[in-house]
Amino acid sequence: MKTLLSFACLLLAVMFSTQTAVADIAKPKTPDQPSKVVLRRNLEIVPDGKVWSARLQLTQSDLQELRAAIDAAGGQPGVAASIAQSPVRTIIAGLLLFLSVSFAGIWLTRTSAASRARKAIAAGILVVAVLGAAAIITRGNAGPPPGYHNWMKLSKNFAQGRATSGDMIIEIVPDEPNRAPGVKLLVPYNPKQSGDE
Amino acid sequence: MERSAELGIAQWRAARQQRAEINLRSFVLTLGISVLAAAVLATWLPLQVSIITVFLFAGPHNWFEFRYFLMRLPVRFGKSRNFFVTAFAGIAILTVTYVSLPFIYQTAFWVNETGLIVLATWNTLLLAWLAVLIRLRAKQKRTADWSWTTPLLLALAALNWLGPEFFSLAIVYAHPLVALWFLDRQLKRTRPAWVSAYRRCLWALPVIVGVLIWHLSQTSPLGDDNGLFWRITQHSGAQLLPQVSSHLLVSVHLFLEMLHYGVWIVALPLVGTGFWRFEASQKRLPRTALLVIGLVGVAILWIGFATNYTATRDLYFTIAIAHVLAEAPFLLKTL
């Protein structure tokens, strides 16, 4: 009885402290309109002495695909974009995956004389777990994307009059009244890696 | 005298074996023709055939399934009491929550993410219920080791949390295949000689689905300007998989659905002995009464389809989750 009473008091204290803590949190800001990634392509930046104005060259097929992607972006995101966008779902998926691998390990250990079928099932679960973990780690942005290092050589290549190509995504950003009209190209830049220090 | 009797028995055995071979050949031939016909129809006019198929067979297939489950239900639960109580409680709770989800979505004004979390929670509850059922069944059948299902179900639950909508779509595509498993178990009970031929025929299924995918992957999407056509394409996952041709999605789903209906309405009543013998169940009034109520339900469904096809289709596919859930415990009982 005493233990039960202590537990109830503790629970009440925790609940009260949670309420107090929530009361201290600032009012959430209204979220800005998010930008939408619609297409991923390779971008090549070429220094050219014959042109007097910057040109963005797109192939006919890419333009059609871009148009279709923009139309689609108005409705639903793509398959890859719709997988585990939220941290809550990613955390629960990770936890369940951890439990799955743990139980698979226990099961495999218990069945020491495992048959081929059992080994196949265990291998299947392990593959699913590895793929899932890889997906979760990728969502966690474990390292820079492959095209990153190519862009680090941009200024050096540019100085030498050489072309640089790397991964590029086309992003549709919402209109802003204070923003200058035009196309903006954001290129990864790190003074240490670019040798511009 | 004795020799002539032996000859008579040998002739009778030979005739019986010949009859059995003819029956098996007819079974395989019928199966092959039906599967090919379903694939051709599903590819040719997917939307139109889908409307006709659901109209004609959705209700009757539920009635046949219900009849089959009543046939397989023991008169007294005995040691299986916990198993059946868990099964029926799970079916009731999961059906009620699933049916209430659209109403909650409409009234709660959730953002998309909250809706996905609720859907993932429902899917997780479904997997947890399956895990409990498997555990209870494993207790009854101590010779089989089903402990491998725990990590598998946990891995499925993890994938569900990564993409709850894709998990639900996977259920839509996987559910028709469960009927083929039921047929396999039934053949093993009543026509064991046909099992190996049937399993060999099943190998054709991934080949046919592969051909459908190869043939339809480059086709233009189906016109979904009409409200009903839009619902059919959405049910097949066109909204979730915008990169995949809706023609392909509807055709593959319709093909699997036709197999599902074929198994429940034609194959299982034919191979299941005593399927049409009602006298055995007439002694138990509740079962007969339930079957009559089921027939009335089928008639109401037809009237509903004739009056307002689109609304009845939506309502049917929401309530039909009950029969999807009911298949799990009965399949586990056959294993």
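Residues numbered from 1 in each chain as written. Chains lettered and ligands numbered in written order. Predicted model: local features only at pLDDT ≥ 70, side-chain atom pairs only at ≥ 80, totals over all residues.

**Focus: the overall build of chain A**
Stage number 1. Of regular secondary structure, chain A possesses eight helices and two strands.
Stage number 2. The order of α-helices and β-strands along chain A, N terminus first, is α-β-α-α-α-α-α-α-β-α.
Stage number 3. Partitioning the intrachain contacts of chain A with sequence separation of at least 6 by distance along the chain shows that 75% fall at a separation of at least 24. (Helix = DSSP H or I, 4+ residues; strand = E, 2+ residues; numbered from the N terminus. Contact = placed C-beta atoms within 7 Å.)

**What to know about the overall build of chain B**
Stage number 1. In terms of regular secondary structure, chain B is built from 14 helices and zero strands.
Stage number 2. Its helices and strands taken in sequence order, chain B reads α-α-α-α-α-α-α-α-α-α-α-α-α-α from the N to the C terminus.
Stage number 3. Put simply, chain B has 335 residues, and 27% of those count as buried.
Stage number 4. Taking as baseline every contact in chain B between residues at least 6 positions apart, the subset at least 24 positions apart corresponds to 80%. (Buried ≥ 20, exposed ≤ 12 C-beta atoms within 10 Å, placed from the backbone.)

**Notes on the nonpolar core**
Stage number 1. Counting residues in each nonpolar core, the largest one holds 31 residues, and the members touching the most others are B:Ala42, B:Leu183, B:Phe255, B:Met258 and B:Val263.
Stage number 2. For this core, the element with the highest residue contribution is helix H10 (residues 246-271) of chain B, accounting for 14 residues.
Stage number 3. Formed by 22 residues, the second largest nonpolar core is a distinct cluster that contains A:Ile92, A:Val101, B:Ala158 and B:Phe167. (Core = buried A, V, L, I, M, F, W, Y, C linked by C-beta atoms within 7 Å.)

**Re the environment of B:His247**
Residues and elements named next belong to chain B.
Stage number 1. For His247, the location among the structural elements is in helix H10.
Stage number 2. Look at His247 and you get buried, because 23 C-beta atoms sit within 10 Å.
Stage number 3. Discounting residues that sit within four places of it in the chain, His247 has contacts with Pro46, Leu216, Thr219, Pro221 and Leu222.

**What about the confidence of the model for chain A?**
Stage number 1. The pLDDT averaged across chain A works out to 65; a share of 45% of its residues lies at or above 70.
Stage number 2. The low-confidence segment residues 9-31 of chain A (pLDDT under 50) makes zero contacts with residues lying over four places distant or belonging to another chain. (pLDDT = per-residue confidence, 0-100.)

**Overview of the packing of helix H8 (residues 204-216) of chain B against H10(B)**
All names here are of chain B.
Stage number 1. H10 packs onto H8 with a crossing angle of 160 degrees between their chain directions and a minimal axis gap of 9 Å. Of the possible angle classes, the one that applies to H8 and H10 is roughly antiparallel. Crossing angle aside, the handedness with which H8 passes H10 is right-handed. Contacts between H8 and H10 involve Val209, Leu212, Ile213 and Leu216 on the former and, on the latter, His247, Leu248, Ser251, Val252 and Phe255.
Stage number 2. Within the contact of H8 with H10, the residues separate by chemical class into seven nonpolar, two polar and no charged. (Axes fitted to C-alpha atoms, helices over the stretch in contact; angles between N-to-C directions. Parallel < 35°, antiparallel > 145°, perpendicular 65-115°, else oblique. Left-handed = near helix turned anticlockwise from the far one by under 90°. Nonpolar A, V, L, I, M, F, W, Y, C, P; charged D, E, K, R; others polar.)

**Some thoughts on the environment of B:Leu254**
Residue and element names in this part refer to chain B.
Stage number 1. As for its placement among the helices and strands, Leu254 is situated in helix H10.
Stage number 2. Placed 205 residues apart in sequence, Leu254 and Val49 show a C-alpha to C-alpha distance of 8.2 Å.
Stage number 3. Setting aside anything within four residues of it in sequence, one finds Leu254 in contact with Ala42, Pro46, Val49, Ser50 and Thr53.

**With respect to the confidence of the model for chain B**
Stage number 1. Looking at chain B, pLDDT values average 81 and 87% of them are 70 or higher.
Stage number 2. Across the assembled chains, the prediction reports ipTM 0.70 with pTM 0.64.

**A few points about the packing of helix H6 (residues 164-190) of chain B against helix H14 (residues 321-334) of chain B**
Residues and elements named next belong to chain B.
Stage number 1. Packing of H6 against H14 brings their axes to within 11 Å, and their N-to-C directions diverge by 25 degrees. Here H6 lies roughly parallel to H14, going by the angle between them. As H6 packs across H14, the resulting crossing turns out to be left-handed. Counting all contacts with H6, which are made through His175, Val178, Trp181, Phe182 and Arg185, the residues of H14 involved are Val324, Glu327, Leu331 and Thr334.
Stage number 2. Tallied by class, the residues present in the contact of H6 with H14 amount to five nonpolar, two polar and two charged.

**Some remarks on the environment of A:Gln160**
Stage number 1. Mapped onto the secondary structure, A:Gln160 falls in the loop between helix H7 (154-159) and strand S2 (164-172).
Stage number 2. C-alpha of A:Gln160 to C-alpha of A:Pro47: the two residues are 113 residues apart in sequence and 9.3 Å apart in space.

**Some points on H6(B)**
All names here are of chain B.
Stage number 1. For H6, which comprises 27 residues, the first-to-last C-alpha distance of 39 Å matches the rise-based estimate of 39 Å (1.5 Å per residue) to within 8%.
Stage number 2. Of all the bends in H6, the greatest, near 30 degrees, is centred on Ala174, and the proline Pro176 appears no more than four residues after it.
Stage number 3. Within the span of H6, buried status applies to Pro164, Phe167, Pro176, Ala179, Phe182, Leu183, Gln186 and Leu187. (Expected span 1.5 Å × (residues − 1). Bend = angle between axes of the 7 residues up to and from the residue.)

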